[in-house]
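# Chains, contacts and geometry: an overview
Residues per chain are reported as follows:
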Amino acid sequence: RLERLQRVITKLQMESGLCEEQLNQADALLQADVRLLAAGKAPQKAAEVERDLDKADAMIRVLFNDVQSLKDGRHPQGEQMYRRVYRLHERLVSIRTEYNLRLKSGAPVTAVTAMSVASGQRRPEPDEAPLRYLQDLLAWVEENQRHVSSAEWGADLPTVETHLGAHRGLHRAIEEFRAKVERARADEVRPRGAGEPLSLGMTSHSPPTPPQNSSKSRLRHLESLHGFVSAATKELLWLSEREEEEVAFDWSHHNPAMAAKKESYS
């Protein structure tokens, strides 16, 4: 049993290193595209970034399964390896959030706009940029509102911890979203032509508000669920240990410890 768990430890150490390299590569490609967007150019590596993040996501799912086998086997390094994989998951969430915000919806020049310019198509009129940016913000809100509404909760401690870590990353992104809403509001009154303000409809309609309330509610419920499942898991482990003691105990009348066992029961 110990040899099998040690093989799992070795596998975790090797594959977590490969996963970290995958995340480093995705982050490097992402930062290169962010610099291109800042210069008004089209991103070149968006598809590769998304592919690398998907690969890292799949690797982390396998790593969490391996960590669970260590915890089930009560290996002393189980908690240490769990923290290592959890840090990888947090970094994945962070990179994916930046990718969604800066490449998909947060850049001054969107990927679609930049590619159109690069291919020689008509450059968007000045009025189109804020409108397109507002549309990107609305799409981001809708996508993450769906994610918050349909996200799972988890049925055991590792999966609850995974969902809690993932949602903390998303919630930070939602909290940071306010600056983008303010920017869209400022674009609404940008001078247009002979002093005519550009209206994006934000005066007559509510501005795009991120799903903050539902995100806060989910975060609060996840933290409460995590506390409950953690306590329940400790109780279950305690019961399991007591059960093992009872199963292994010599219940014959010849056992000199029987008197002490009766006393402890009373």
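Residues numbered from 1 in each chain as written. Predicted model: local features only at pLDDT ≥ 70, side-chain atom pairs only at ≥ 80, totals over all residues. Heavy atoms only, no water.

Identification of the protein as PLEC protein from Sakesphorus luctuosus is taken from an unreviewed UniProt entry.

### Here's the deal with the overall build of the protein
Along the protein, the regular secondary structure elements total nine helices and two strands. Scored against the burial criterion, the 266 residues of the protein give a buried share of 36%. Long-range contacts, defined as pairs at least 24 residues apart, comprise 74% of the intrachain contacts of the protein with a sequence gap of at least 6. Accessible surface computed for the protein: about 15,800 Å², of which carbon and sulfur atoms make up 54%. (Helix = DSSP H or I, 4+ residues; strand = E, 2+ residues; numbered from the N terminus. Buried < 20%, exposed > 50% of the residue type's maximum accessible area, 1.4 Å probe, protein only. Contact = heavy atoms within 4.5 Å. Areas by Shrake-Rupley, 256 points an atom, 1.4 Å probe, with all protein chains shown as cover.)

### Let's talk about the side chain of Lys 261
By secondary structure assignment, the location of Lys 261 is in helix 9 (residues 258-265). By relative accessible area, Lys 261 is classed as buried at 13%. Here Lys 261 is in contact with Glu 246, Phe 249 and Trp 251, once residues within four sequence places are set aside.

### Let's talk about the pattern of salt bridges
With the rule as written, the count across this model stands at 10 salt bridges. Across the pair Asp 66 and Lys 11 runs a salt bridge whose closest N-O atoms are separated by 2.5 Å. Here Asp 66, found in helix 2 (residues 46-72), pairs with Lys 11, found in helix 1 (residues 2-38); they are 55 residues apart in sequence, far enough to count as distant. A relative accessible area of 13% places Asp 66 in the buried class. For the salt bridge of Arg 91 with Asp 27, the shortest nitrogen-to-oxygen distance reads 3.7 Å. Of this pair, Arg 91 sits in helix 3 (residues 78-105) while Asp 27 sits in helix 1, placing them 64 residues apart in sequence. Connected through salt bridges with shared partners, the residues Lys 11, Glu 15 and Asp 66 form a single ionic network. (Salt bridge = Lys/Arg side-chain N within 4 Å of Asp/Glu carboxyl O.)

### Concerning the packing of helix 1 against helix 2
Interhelical geometry of helix 1 versus helix 2 gives an angle of 160 degrees and a closest axis separation of 9 Å. Relative to helix 2, helix 1 is oriented roughly antiparallel. The interaxial crossing formed by helix 1 with helix 2 has left-handed handedness. Its residues placed into classes, the contact of helix 1 with helix 2 shows 20 nonpolar, four polar and seven charged. (Axes fitted to C-alpha atoms, helices over the stretch in contact; angles between N-to-C directions. Parallel < 35°, antiparallel > 145°, perpendicular 65-115°, else oblique. Left-handed = near helix turned anticlockwise from the far one by under 90°. Nonpolar A, V, L, I, M, F, W, Y, C, P; charged D, E, K, R; others polar.)

### A word on the side chain of Ser 230
Summarising the element assignment, Ser 230 is placed in helix 8 (residues 212-248). Here His 226 takes part through its backbone oxygen, which lies 2.7 Å from a polar atom of the side chain of Ser 230. (Polar contact = N/O pair within 3.5 Å; in protein donor to acceptor, adjacent residues only side chain to side chain.)

### A few points about the nonpolar core
Membership of the largest hydrophobic core comes to 28 residues, with the highest contact counts inside it found for Leu 12, Leu 23 and Leu 53. Contributions of two or more residues to this core are made by helix 1, helix 2 and helix 3. Broken down by element, the residue count for this core peaks at 11 residues, all from helix 1. The contact partners of Leu 53, leaving out residues within four places of it in the chain, are Leu 23, Ala 26, Leu 92, Ile 95, Arg 96 and Tyr 99. Within the second largest apolar cluster, eight residues are counted, among which are Leu 101, Trp 140, Val 141 and Leu 170. (Core = buried A, V, L, I, M, F, W, Y, C linked by side-chain atoms within 4.5 Å.)

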